[in-house]
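Single-letter residue listing:
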Amino acid sequence: MTYWAELVELYEYRVADVLAGRMPRGGRRSLSELRDTLLHAPLEPTLYRRLVESDRQYRAGALPGRGERTTAAAAGPVPAWTAPASADSPEARAWEELRCLAWHAGLRERVQERMRPLRAEPGRLSLRVLYAALENAERDARGEAGPLAVPAENDPLVALHDAEVVRQLGRGLADVLLTEEGRARLGAALWSVHDAPFPRHPDEDVLGARVRAAESEPLAPEARGALVRALRASYPPTRDPRERPAIREAARHLQALVAELLSAAPVPASLGVMPAHSVLYAAHGPAALSTPDDRAGELVIHLAGGQQARWRGLTLRWHAVGPSWQLQVGEPGEAQVALLHPHLPPAERAWTLPTPQGPLSAFLSGAYLRLHLPHAAPAPGEGPGHLAARARAVARLLDPAASHAQLRLARAAAQHLRGAEVDAAALGPASAERYAGASPETLHTLARKGVDALTARLSRLPAAEAEAALRACAARLGLPDEQARSLHAVLHAATFTPEGLPAPHPSTRLNVPDGGQFVSLRLGDGPVTLHAAGRALTLHREDGGDLSVLLPDQPPALLRDLLVLTLPGAQVLVVREGSWLAAAVQPATI
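These remarks concern the structure in this document. Owing to the predicted nature of the structure, the values given are computational and were not obtained by experimental measurement.

### Observations regarding the sheet that holds strand β13 (residues 509-511)
Strand order in the open sheet formed by five strands is β13-β15-β16-β17-β18, and the pairing between neighbours is mixed. Two strands lie at the open edges of the sheet, namely β13 and β18 (557-559), each paired on one side alone. Each strand axis lies, on average, 25° off the axis of its neighbour in the sheet, ignoring direction.

Take a look at the structure:
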């Protein structure tokens, strides 16, 4: 005990240094590591209260604008201080390139949105100017002489009336904007089109000489005229000079569009300045991320430093295959597999894999991988897997063991996270008497609202802070530390980690095993029978579309999206989204 007490006291002293404007002994990194250690330590209630109070003062007093910069725990998604990585280090260069590749993926989508109104322009003049500018930028990159003129409206070789051609044109624009060199070439090409919409043909002098020679030939007038017309037909026709002002205006419009698209591009000046705790298995110590953050929408991994990780409910495994990397996402036998090649051009080092949580985007730079999943904190009801995880949390709050300890702890956590003082007297064991006489429907509604409220608040906290808050509340109520840990585990899963459910199949009967795993079926129009925990549950549709669950010797229960039924020795969890129905049976304490 003395050991932990001294560390808590040391943390209090260092926090006092920060709040007084002094650099803490050992530096900010030492303070961050001490804080992370204590948040995971088995502290007694008194020490936990001291830690939480000191940490509250630190987080409140060290906000930017108050003379200090915040120091985030290793589990936090946006660390505030930066690790002094050299701009020449492979890790810093990979970090910078991955930022650009992720930005480029979104740029491709934005460009395609901007292509649609250009297709509707009369004469498609902006698309014709863009085509000429991109073609001339590529010619310049290849060292070819002679710029291409803006094509005519109905040029069959350009075919800008074809939606696929326009899509490829937009993709070419996004790709050329990925590099500084490409941006410079495109900018120069647009200015060239603006200055000379119809550049002089390189063989124009040759054509003039041939025409003059043909006109001096001793031929009949009709034959001489036919010869001149044939010579002129072999060269591009003379363009209408009245089109020049419109072409110049289109070039200026495209220059403004490019500037708008580049406004959100990563700033190259940030090269070499990496956030702390930002890379899993990092080679650079201060940049190392101890565990993936399930709240974050992105994860960067140094593939050479490890072999697997668990993030946002996804099992990630990888290994080297020659100069490339094989990435597996999911459990064996059901995993999505991608072969990632670091030697590809930058615009091609992006992959998308389907997962139960949505499309997973992957970007590669050497041995560094950046993953992106949208919707870091899923909303309730976003897919049957999320509902199943939420049902586990509701079932935990409905456990009546230790005078409804989990429900009392959840109410204390709600008070604490709102910034209020935990009323330990009002949430003691005696307060559970009201639950004993409540109807199952009332208890279920109370537990569901508690889960929804807590997950909404916990989604904004790092995992270590969320668990520390629950443990502090458990200490206030005199509950074992394990109560807080187990409640945090199911709430964390309900917030970030959907359960993997088997695909449903049409059926009117479902046998639910006792091992706790979910099984699924596809609902039809008729009733469905679930055989679970030695009982037969009948589900049939109500007039409003909800399902009514009938259990012998019990009143009907309504299933909208999730339902937890408490039986002697077991809990039956049922979730539904549309026609997808899933159920599980887990042990319960009665």
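### Topic: the sheet that holds strand β20 (residues 570-577)
With antiparallel pairing, four strands are arranged side by side in an open sheet as β14-β21-β20-β19. The open sheet has two free edges, formed respectively by β14 (519-522) and β19 (562-567), since each of these has just one partner strand. Geometrically, the sheet is characterised by an average inter-axis angle of 20° between neighbouring strands, direction not taken into account. Both β14 and strand β21 (residues 580-587) contribute to a ladder of four bridges, which runs antiparallel. Its bridge partner lying in β21, Val519 is registered against Ala583. Each of β19, β20 and β21 is contacted by helix α11 (residues 384-397), which is oriented at about 150° to β20, the strand it contacts most.

### Focus on helix α5 (residues 125-142)
Its 18 residues give α5 an end-to-end C-alpha distance of 26 Å, which sits within 8% of 26 Å, the value for a rise of 1.5 Å per residue. For α5, every residue scored as buried is listed here: Leu125, Ser126, Leu127, Arg128, Val129, Leu130, Ala132, Ala133, Leu134, Asn136 and Ala137. Looking one or two places after α5, you find Gly143, whose phi comes out positive at around 80°.

### Considering the packing of helix α4 (residues 90-119) against helix α10 (residues 244-262)
It is at 11 Å that the axes of α4 and α10 come closest, and there the two elements cross at 150°. If you check the angle between α4 and α10, you find them roughly antiparallel. As for how α4 packs across α10, the hand of that crossing is right-handed. Contacts from Trp103, Leu107, Arg110, Val111, Arg114 and Leu118 in α4 reach His253, Leu257, Glu260, Leu261 and Leu262 in α10.

### Remarks on the nonpolar core
Counting residues in each nonpolar core, the largest one holds 44 residues, and the members touching the most others are Val394, Leu397, Leu409, Leu487, Leu491, Phe518 and Val575. Listing elements by their share of this core, those giving two or more residues are α11, α12 (401-417), α14 (440-458), α15 (463-477), α16 (481-496), β19, β20 and β21. Within the second largest apolar cluster, 35 residues are counted, among which are Val111, Leu130, Ala250 and Leu261.

### Re helix α6 (residues 163-176)
Given 3.6 residues to a turn, an α-helix orients residues that are three or four positions apart in the same direction. The end-to-end C-alpha distance of α6, which contains 14 residues, comes to 20 Å, matching closely the 20 Å that a straight helix rising 1.5 Å per residue would cover. Restricting attention to buried positions, one finds in α6 the residues Val166, Leu169, Gly170, Leu173, Ala174 and Val176. If you follow the buried residues of α6, they end up packed against α4, α5, α7 (180-195) and α10. Residue Asp162 occupies the N-cap position of α6, its side-chain oxygen lying 2.8 Å from the main-chain nitrogen of Glu164.

### What to know about the pairing of β20
Of all eight residues making up β20, seven are buried, and the element is well covered by its neighbours. Judged from the six bridges that link them, β19 and β20 form a sheet pairing that is antiparallel. Within the sheet, the bridge partner assigned to Leu562 lies in β20 and is Val575. Counting the residues that bridge the hairpin from β19 to β20 gives two residues, and of these Gly569 lies at a positive phi of roughly 85°.

### So, the environment of Pro384
For Pro384, the position within the fold is in helix α11. Residue class for Pro384 comes out buried when judged on its relative accessible area of 11%. Considering only alpha carbons, one finds Pro384 and Leu581, 197 residues apart in sequence, at a separation of 8.1 Å. Look past the residues within four positions of Pro384 in its chain and what remains in contact with it is Leu501, Val575, Glu577 and Trp580.

### Thoughts on unusual backbone geometry
One non-glycine residue, Ser403, lies in positive phi territory at about 55°. Inspection of the secondary structure puts Ser403 in helix α12. Exposure remark for Ser403: the relative accessible area of 33% places this residue in the partly exposed category. A positive phi angle, near 55°, is found at His404, a position not held by glycine. In this fold, His404 is placed in helix α12. Owing to a relative accessible area of 9%, His404 belongs among the buried residues under this scheme.

Quick notes on the rules
Once a new chain begins, its residue numbering starts again from 1 and follows that chain's sequence as written. Where local features are concerned, this predicted model is filtered to residues with pLDDT of at least 70; where side-chain atom pairs are given and counted, the filter is 80 or more; whole-chain, interface and lining totals use all residues. Processing note: side-chain calculations cover all non-hydrogen atoms of the structure and skip hydrogens and water entirely. Note on pairing: two strands pair once DSSP finds at least 2 bridges between them. The secondary structure listing takes helices from DSSP runs of H or I that are at least 4 residues long and strands from runs of E that are at least 2 residues long, numbered from the N terminus. The axes are straight lines fitted to the C-alpha atoms, using for helices just the contacting stretch, and the angles between their N-to-C directions are given from 0 to 180°. By the convention used here, residues are in contact when the closest approach between their heavy atoms is within 4.5 Å. Expected helix span is given by 1.5 Å per residue-to-residue step, counting one fewer step than there are residues. Any residue under 20% of the maximum accessible area for its type is buried, any over 50% is exposed, and the rest in between are partly exposed; the area is computed with a 1.4 Å probe on protein chains only. The cut-offs work like this: below 35 degrees is roughly parallel, past 145 is roughly antiparallel, 65 to 115 is roughly perpendicular, and the gaps in between are oblique. What makes a crossing left-handed is the near helix being turned counterclockwise from the far one by less than a right angle; a clockwise turn instead makes it right-handed. Only buried residues count toward a nonpolar core, which is a set of Ala, Val, Leu, Ile, Met, Phe, Trp, Tyr and Cys residues joined through side-chain atoms within 4.5 Å. For this analysis, a polar contact is any N or O atom pair within 3.5 Å, provided that within protein one partner can donate a hydrogen and the other can accept it, and provided that sequence-adjacent residues contribute only side-chain to side-chain pairs.

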